[in-house]
Amino acid sequence: MRKSVIRSERMGESYIRLEHESGLRILLYPMQGFRSAYAIFGTDYGSIDNCFRVEGEPDFTEVPDGIAHYLEHKLFESEDGDAFTLFARTGASANAYTSFDRTCYLFSCTDRFEDSFRALLQFVQQPYFTEETVAKEQGIIGQEIRMYDDNPGWQVMFGLLTALYRRHPICRDIAGTVESIAQITPELLYRCYRAFYNPANMVVTVAGNFDPEAAERILNEEIRPVQPRAVERPDFDEPPEALRPETVKQLDVSEPVFYFGWKQAPCASPREELREQILFNILLDLLAGPTSEFYERMNRAGLLNQTFGSEVFAGRSYRALFFGGESRDPRAVFSAFCETLEKAKRDGLPEEEFLECKNALYGRALRDINDVETAATALFSYEMMGLSVYDVSETIAAVTLEEAERALREGFDPRARALSIVEPAAR
Amino acid sequence: MNHAYPLKREQIADGTMFSSVADSRFKTNLLTVNLILPTARETVTENALLPLVLEKCWEEAPTNRAFSRQLNRLYGASVDCASARIGGASALSLSFSAIDSAYALAGENMLAEGARILLGLLFRPVLQNGLLEEENLALQKQYLADTILADINEKRSYALGQTLQRMFEGEPCGLPRYGFLEDIEKITPAAATAAWKRILDTARVEIFHVGMGDPSGAKALFSEAFRGKQRHPLPLALFSSHTPPASPREFREEKPVAQSKLCMGFAAGSGPATAADLSAMRLMTAVFGGTPTSRLFVNVREKRSLCYYCAARYDRFKGALIVDSGVEHDKAEETKAAILEELEAVRRGEFTGEELDFARLSLQNTYRSVGDSAYGLESFYLGQSLLGLEETPEDQGEQIAAVTREAVCEAANRLVLDTVYLLAGSGEGENTCENQ
């Protein structure tokens, strides 16, 4: 394995980065004094990857929506039972999740790290899908989908995604639909598994209380040599304009819940993409955070309360800016925010507030690597982007007011915006 | 047993304690002022409102915007308020969390700043003619009303709340978390100001520090502020004295939802449990429905495919064990029967040695992990302090090790089904869409 040490002078810290012959990347971050260790084995594969071509194949394969999440549930099952049992034997707490562009398997433990780590590496590399086990999951995932059907936060976010995106699969539910998951077969699961669970497409991260030499030894024993095969994903050919300006849905809620946002095109270079995300994080705080004139005005008018928040929603092949909360009049809030943007574009940004927001983001980035779970997760996420977690504080320190003003002028195209509302169902 | 107790605890004024876990592993400090009060029908709404009012601003930063900017200058420090229930008591808290001075670019004393700000919020709110400022009060009243109404939005927590309110009807534990809508209007600036003074006068105050910094400067500021104040902390009844009804009470509420929610409340004995009984009940909860190898997860979810979640949790202060699940409308009865079957199996001891070991290992892992999070440490040691105990999480893990199979069966046999609540889908109005 090729080994390097990634350091941050600013924080006086470092972690070990290994590259296995298979292409698997491994980050080891021992943390002094902690009792627990937290390990993630994840792949660069999520709900948006429902069309792909593996190197050497003539055509793209299209698979049912929700299959990455279904695969995650089913990978927990092996011929001898389920993987939870492996971790139960060591007392570790295991879990897994699927997002738009990632699938992660993880555990945390305070004892017998080596056994749990071996179990994690083994079960993720051992798919076992049969007609029977695949059929059984329909009921469980069907109820998971049902649970989200009733969740206003989830529904309002997907309302916005379906308004913003015309072709990008980001607008489809991560778990799929009851109909789409009914089409999933063991053969399809194996096909996706072979395409995306190739070590060259995966990252292992461990943080906390463990011996890095033991971890390296176990990795050498357990990682199977697989021929790296490139996976090609289609260009979604997403136009810059939003598909429609507004979506409205009715649910059993007390007051309208809303999301509005702008679709953006992500940068090809990871460093540029990180810089843009940081600039927009600062802008969001500056323009719409609790320190902003806009929030103060809306709050005093009784149009926004502290449920209001914003985020840079970004991942592989997508970026958007999201603003959401509860309001008796979401359309008034949206239109007031659009006016705020125009005014800021005209007048420029206040330098003092820009520096305060930058300061705040620096502090929050530092707090992001404060415990074993957040540290392992942050290391994993930035490695998947092709960066180091330490690039974040360096980039924050370097961004300027001029760049933020440029991002403000370019990032909020009126044709790329939309509003989503979940309103109370008529009784 | 008897691991070194890491909490440094000191009385700094009458009814006012300052506790600290100095821990160099964290790059941050967490400073929390807990105001512990009895939960009562008359004060529950005011007590939910006041932390919201106080956390927004203070004399030095007299608007929410000015205060938020003050926190941004302190490297994005956060100030949060919460009102949690500990059995029959309410813990109102204001907390300050920020990076340590070691990482502050301009060398600020972050802990002392945190203490100064928390004291400012508590003792120096923005006043108008001697009363809490009207505009902030009106905004927070509206926010509390919105929060009470929005309880229905999240169906899982709504169903749990409804179950507790019905199970503990007429008792402090049954009072709704955010109080009553009809009480909010009555809270005038004069009433809110009186409530602020009442809370400061009658609360037991528990101040906690967890983090890498030296808390002595912060402690001195708190001591100075509380010393010499004539306060009258009220006695607290932490443990519920609930007795279950002769036969279980069943409730059904219809809503236009895609998934029905089933909650079952079991009475688990009133008053404080002995250490042995407590550990047995905790282990029994884990075997029954606390982990992915539990009876409920393996049999009700995995084998019968009835639901996505079906879990049990035990509350030592309420003396209650609650099972909750999200199910297809026509599977609620089947799920309820399946849950009761699993409980019967545990009562009869029909679980393997492996199931028991797995549950034990899982709980021990949880206890050993408590110390790795600042919030986990704060909440654990607040519990110990209120109970007058000096146990560490490791001590509790070791007590779990000593629980026998018979004790687990006995614990299951102590459970009495008390309340069943079903949020039933009415099948109408589901997901109507426009523009799609």
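Asks: Outline the environment of B:Val79, supporting the account with residue identities and numerical values.
Replies: All names here are of chain B. By the element assignment, Val 79 lies in strand β4 (residues 78-86). Among the residues examined, Val 79 registers 22 C-beta atoms within 10 Å and is labelled buried. C-alpha of Val 79 to C-alpha of Phe 297: the two residues are 218 residues apart in sequence and 38 Å apart in space. Every residue in contact with Val 79, bar those within four places of it in the chain, is listed here: Glu 55, Leu 71, Leu 94, Ser 95, Phe 96 and Ile 117.

Asks: Report on the interface of chain B and chain A, specifying residues and quantitative values.
Replies: Every contact between the two is made by 56 residues of chain B and, on the other side, 57 residues of chain A. Elements represented by at least two residues in the side of chain B that touches chain A include exactly α2 (64-73), β5 (89-99), α4 (134-149), β11 (307-315), β12 (320-327), α12 (353-369) and β14 (432-434) of chain B. Counting residues per element, the side of chain B that touches chain A draws most heavily on α12(B), at 7 residues.

Asks: I'd like a rundown of the domain arrangement of chain B, residues and numbers included.
Replies: Residues and elements named next belong to chain B. Annotation of chain B at the domain level lists domain 1 (8-226) and domain 2 (249-425). Inter-centroid distance (C-alpha atoms) of domain 1 to domain 2 is 30 Å. Counting residues at the interface gives 25 residues for domain 1 and 25 residues for domain 2. Put simply, the parts of the chain that give the side of domain 1 that touches domain 2 at least two residues each are β2 (16-22), β3 (28-38), α5 (155-167) and β8 (204-211). Among the elements that take part in the side of domain 1 that touches domain 2, α5 stands out by supplying 8 residues, more than any other.

Asks: A description of the sheet that holds strand β13 (residues 416-425) of chain B should follow, citing residues and the corresponding values.
Replies: One open sheet holds the 5 strands; their spatial order is β9-β13-β10-β12-β11 (chain B), and the pairing between them is mixed. Two strands in the sheet have a free side with no partner beyond their single neighbour: β9 (249-255) and β11 of chain B. Averaged over all pairs of adjacent strands, the angle between their axes in this sheet comes to 10°, without regard to strand direction. Two elements, β11(B) and β12(B), share 7 bridges in a ladder whose sense is antiparallel. Looking across to β12(B), one finds that B:Ala312 is bridged to B:Val323. Sheet strands in contact with helix α4 (residues 131-149) of chain A are β11 and β12 of chain B, and its direction is about 75° off that of β11(B). Here helix α10 (residues 295-303) of chain B sits on the sheet in contact with β11 and β12 of chain B, set at roughly 155° to β11(B).

Asks: Give me the packing of helix α1 (residues 67-75) of chain A against helix α7 (residues 186-196) of chain A: which residues, what numbers.
Replies: All names here are of chain A. Put simply, α1 and α7 touch, their axes get as near as 10 Å, and they point 95° apart. One way to sum up the angle between α1 and α7 is to call them roughly perpendicular. Between α1 and α7, the residues in contact are Ile 67, Ala 68, Leu 71 and Lys 74 and Leu 188, Leu 189, Cys 192 and Tyr 193, respectively. Partitioned by chemical class, the residues of the contact of α1 with α7 number 7 nonpolar, no polar and 1 charged.

Asks: Summarise the pairing of strand β9 (residues 93-98) of chain A; cite the residues concerned and give the values.
Replies: All names here are of chain A. Judged from the 6 bridges that link them, β9 and strand β10 (residues 103-109) form a sheet pairing that is antiparallel. Note that in β10 the partner of Ala 94 across the bridge is Phe 107. Between β9 and β10, which pair antiparallel and follow one another directly, the connecting turn spans 4 residues.

Asks: Outline the domain arrangement of chain A, supporting the account with residue identities and numerical values.
Replies: All names here are of chain A. When the domains of chain A are assigned, the result is domain 1 (2-232) and domain 2 (246-424). One C-alpha centre belongs to domain 1, the other to domain 2, and the line joining them spans 28 Å. Among the residues making up the side of domain 1 that touches domain 2, the classes are represented as 23 nonpolar, 10 polar and 5 charged.

Asks: Outline the sheet that holds β9(A), listing residues and values.
Replies: Residues and elements named next belong to chain A. Reading across the sheet, the 7 strands line up as β1-β2-β3-β11-β4-β10-β9 and stay open at both edges, with mixed pairing between neighbours. The sheet is open, and its two borders are formed by β1 (2-8) and β9, each paired with just one other strand. Taking each pair of neighbouring strands and ignoring which way they run, the sheet shows an average axis angle of 15°. In this sheet, strand β11 (residues 202-208) lies alongside strand β3 (residues 25-30) in parallel orientation, the contact comprising 6 bridges. Considered in β11, the bridge of Leu 28 is made with Val 206. Across the face of the sheet, α1 comes into contact with β9 and β10 while running at roughly 165° to β9.

Asks: Can you explain helix α14 (residues 390-398) of chain A? Please cite residues and give values.
Replies: Since there are 3.6 residues in each turn of an α-helix, residues three or four apart along the chain are aligned in direction. Residue and element names in this part refer to chain A. Of the positions making up α14, those classed as buried are Tyr 390, Val 392, Ser 393 and Ile 396. With its buried residues spanning 165° around the axis, α14 presents them on a single face. For α14, the secondary structure elements touched by its buried residues are β1, α9 (270-288) and α12 (351-367).

Asks: Could you give an account of the pairing of β5(B), naming the residues involved and the relevant values?
Replies: Consecutive side chains of a regular strand alternate in pointing toward one face of the sheet and then the other. All names here are of chain B. Of all 11 residues making up β5, 11 are buried, and the element is well covered by its neighbours. The pairing of β3 with β5 spans 11 bridges and is classified as antiparallel. When the sheet's bridge partners are listed, Val 33 is paired in β5 with Leu 94. Bridge count between β4 and β5: 9 bridges; the pairing is antiparallel. Its bridge partner being in β5, Ser 83 is matched across the sheet by Leu 92. If you look at the hairpin formed by β4 and β5, you'll find 2 residues sitting between the two strands, and Gly 87 has a positive phi there, around 55°.

Asks: Quick one: what's the story with the nonpolar core, residue by residue and with numbers?
Replies: A:Ala39, A:Leu120, A:Val206, A:Ala376, B:Leu283 and B:Met284 are the most contacted members of the largest nonpolar core, which totals 250 residues. Considering every element that reaches this core, the biggest residue donor is α9(A), with 9 residues. For B:Leu283, the contacting residues outside a window of four places in its chain are B:Ala359, B:Arg360, B:Leu363, B:Ile400, B:Val403 and B:Val408.

Calculation criteria
- Residues numbered from 1 in each chain as written.
- Chains lettered and ligands numbered in written order.
- Predicted model: local features only at pLDDT ≥ 70, side-chain atom pairs only at ≥ 80, totals over all residues.
- Helix = DSSP H or I, 4+ residues; strand = E, 2+ residues; numbered from the N terminus.
- Buried ≥ 20, exposed ≤ 12 C-beta atoms within 10 Å, placed from the backbone.
- Contact = placed C-beta atoms within 7 Å.
- Domains from an automatic or database assignment.
- Pairing = 2+ DSSP bridges.
- Axes fitted to C-alpha atoms, helices over the stretch in contact; angles between N-to-C directions.
- Parallel < 35°, antiparallel > 145°, perpendicular 65-115°, else oblique.
- Nonpolar A, V, L, I, M, F, W, Y, C, P; charged D, E, K, R; others polar.
- Arc of directions from axis to C-beta.
- Core = buried A, V, L, I, M, F, W, Y, C linked by C-beta atoms within 7 Å.

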